[in-house]
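Analysis of the macromolecular model
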Amino acid sequence: MNKSNNRILSIAVVLLLITNIVLVTMMMMGKNKGGKRGPGNRNEPSQMMVKELNMTEQQQKDFKQLKEEHFKNTKPLFDSLRAAKTAFFDFVKEENVSDSVLNSYSLQIAERQTALDKITFAHFKKVRGLFTPEQQPKFDAFIQKMMQRGRRDSATKDK
C-alpha cells in the first residue's frame, strides 16, 4: 500500500512540475510576441520598468543590450525545453510507459528549466547592476511584482 501511495505521489509531483514548467514557458513566450497584450493592452514589462525606475538614456541602452543578449542566450534553451516536453508528452499515446522512462524525461525537462532559471537569475543580477542604489529597491520591488503577475493563489481563489 505504501509503495502504491509513493507512486501516486511521485506521479502527482511530476505532473505538477510539468504543468508549472508549461505555464512559465507560455508566459515567457508571450513576452517575446509584440503587439497588443490581453485586456487593456498593457505595456511591455521593460517599458513599464523604464517608466517606474525613471531610467536614464544610458541605462535604457545598456538594458536593451542585456535584454537582447539574454534572449539570444535563452532561445536555444527554450527550443530544447520545448522539444523535451514534446518527447515527454508523446508517451501519452503509449499503452505502457515505465516510471523510469517518465522520470528520465521529466528530469531532462527539469534540468533544462533549471538552466533557464539560472541564466535568467544571472540576467536580473546584471540588470540590477545598471541601477543606482536609489533605483535598486524599486527594481527589486518591480521584479517581485512581475513574478506575482497573473498568479492565482488557492488562498484567494473564489469558492
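Only a predicted model underlies this, so the values are computations on that prediction, with no experimental measurement involved.

Reading guide: rules and limits
Residue indices begin from 1 for each chain and proceed along its sequence in written order. Residues qualify for local features only when their pLDDT is at least 70, as the model is predicted, and side-chain atom pairs are given and counted only at 80 or more; totals for whole chains, interfaces and linings, by contrast, use all residues. Values shown for side chains rest on all heavy atoms present in the structure; no hydrogens or waters enter the calculation. Each axis is a line fitted through C-alpha atoms, and for a helix only the stretch in contact is used; angles between axes span 0 to 180 degrees, taken between their N-to-C directions. Helical segments are the DSSP runs of H or I of at least four residues, strand segments are the runs of E of at least two, and each set is numbered from the N terminus. Roughly parallel covers angles under 35 degrees, roughly antiparallel covers those over 145, roughly perpendicular covers 65 to 115, and oblique covers all other angles. In the scheme used here, Gly and all other residues not listed as nonpolar or charged are polar, with Ala, Val, Leu, Ile, Met, Phe, Trp, Tyr, Cys and Pro taken as nonpolar and Asp, Glu, Lys and Arg as charged. Salt bridges are defined as contacts in which a side-chain nitrogen from Lys or Arg sits within 4 Å of a carboxyl oxygen from Asp or Glu. Only protein chains enter the accessibility calculation, which uses a 1.4 Å probe; a residue whose area is less than 20% of its type maximum is buried, one above 50% is exposed, and one in between is partly exposed. Put simply, the grid is 1 Å and covers the protein atoms alone, a cavity is a trapped set of points that fit a 1.4 Å probe, a pocket is an open set with protein on both sides within 12 Å along at least five of seven lines, and lining residues have an atom within 4 Å of a point. Grid points are joined across faces, edges and corners, and a volume is the space filled by probe spheres set on the points. What makes two residues a contact is simply this: any of their non-hydrogen atoms within 4.5 Å. Only buried Ala, Val, Leu, Ile, Met, Phe, Trp, Tyr and Cys residues count toward a nonpolar core, and they belong to the same one when joined by side-chain atoms within 4.5 Å. Every helix has an expected span of 1.5 Å times one less than the residues it contains. Across the chain, bend at a residue is computed as the angle between axes fitted to the seven residues ending at that point and the seven starting from it. pLDDT is defined as a per-residue confidence score from the predictor, taking values between 0 and 100.

A few points about the packing of helix α3 (residues 57–89) against helix α4 (residues 99–129)
Working note: a packed helix pair is described by the angle between its axes plus the distance between those axes. Interaxial distance between α3 and α4 falls to 9 Å at its minimum, and their mutual angle equals 175°. Of the possible angle classes, the one that applies to α3 and α4 is roughly antiparallel. The class makeup of the residues in the contact of α3 with α4 is 14 nonpolar, 7 polar and 5 charged.

Here we look at the pattern of salt bridges
Once the charged atoms of two side chains with opposite charge are near each other, the side chains can pair. For the structure shown, the criterion picks out 6 salt bridges. The residue E52 makes a salt bridge to K145 at a minimum N-O spacing of 2.8 Å. Remark: K145 occurs in helix α5 (residues 136–148) and E52 occurs in helix α2 (residues 45–53); sequence separation between them is 93 residues. In this structure K145 comes out as partly exposed when scored by relative accessible area, which is 41%. The structure contains a network of salt bridges with shared partners spanning K75, D79 and R82.

With respect to the environment of L77
Its place among the elements puts L77 in helix α3. Residues L77 and R112, spaced 35 residues apart in sequence, show a C-alpha to C-alpha distance of 6.8 Å.

Some words on the layout of surface pockets
In this structure, the second largest pocket occupies an estimated 270 Å³ of space. Lining of the second largest pocket is provided by 13 residues; of these, I11, V14, L15, F88 and L102 occupy positions nearest its centre. Residue assignment for the lining of the second largest pocket shows that the elements contributing at least two residues are α1 (2–32), α3 and α4. Sort the elements by how many residues they give to the lining of the second largest pocket and α1 lands first, with 5 residues. Looking at the lining of the second largest pocket residue by residue, the class counts come to 9 nonpolar, 2 polar and 2 charged.

Thoughts on the side chain of Q136
Along the chain, Q136 turns up in helix α5. By relative accessible area, which is 19% here, Q136 ends up buried. Beyond its immediate sequence surroundings of up to four residues, Q136 is in contact with R128 and F131.

Considerations on the environment of E69
Relative to the helices and strands, E69 resides in helix α3. Residue E69 is classed as partly exposed on the basis of its relative accessible area of 34%. Sequence-wise, E69 and H123 are 54 residues apart; in three dimensions their C-alpha atoms are separated by 9.2 Å.

Topic: the nonpolar core
Residues M49, L53, M55, V127, F131, F139 and F142 are the most contacted members of the largest nonpolar core, which totals 13 residues. Among the secondary structure elements, those contributing two or more residues to this core are α2, α3 and α5. Contacts of M55, omitting those with residues within four sequence positions, involve M49, V50, Q60, F63, F131 and Q135. Ranked by size, the runner-up nonpolar core spans 10 residues in total, among them I18, I21, M28 and L116.

Things to note about unusual backbone geometry
Unlike most non-glycine residues, N54 shows phi in positive territory, near 55°. Topologically, N54 is positioned in the loop between α2 and α3.

Details of α3
Taking 1.5 Å as the rise per residue, α3 with 33 residues should run 48 Å; its terminal C-alpha atoms sit 46 Å apart, in good agreement. At T74, α3 shows its largest bend, some 35°, and a proline, P76, comes one to four positions later.

Section: the confidence of the model for the protein
The pLDDT averaged across the protein works out to 83; a share of 85% of its residues lies at or above 70. Least confident of the elements in the protein is α1, whose mean pLDDT is 77; most confident is α3, at 93. Segment residues 35–42: pLDDT under 50, and 9 contacts once partners within four positions in sequence are set aside and those in other chains are kept.

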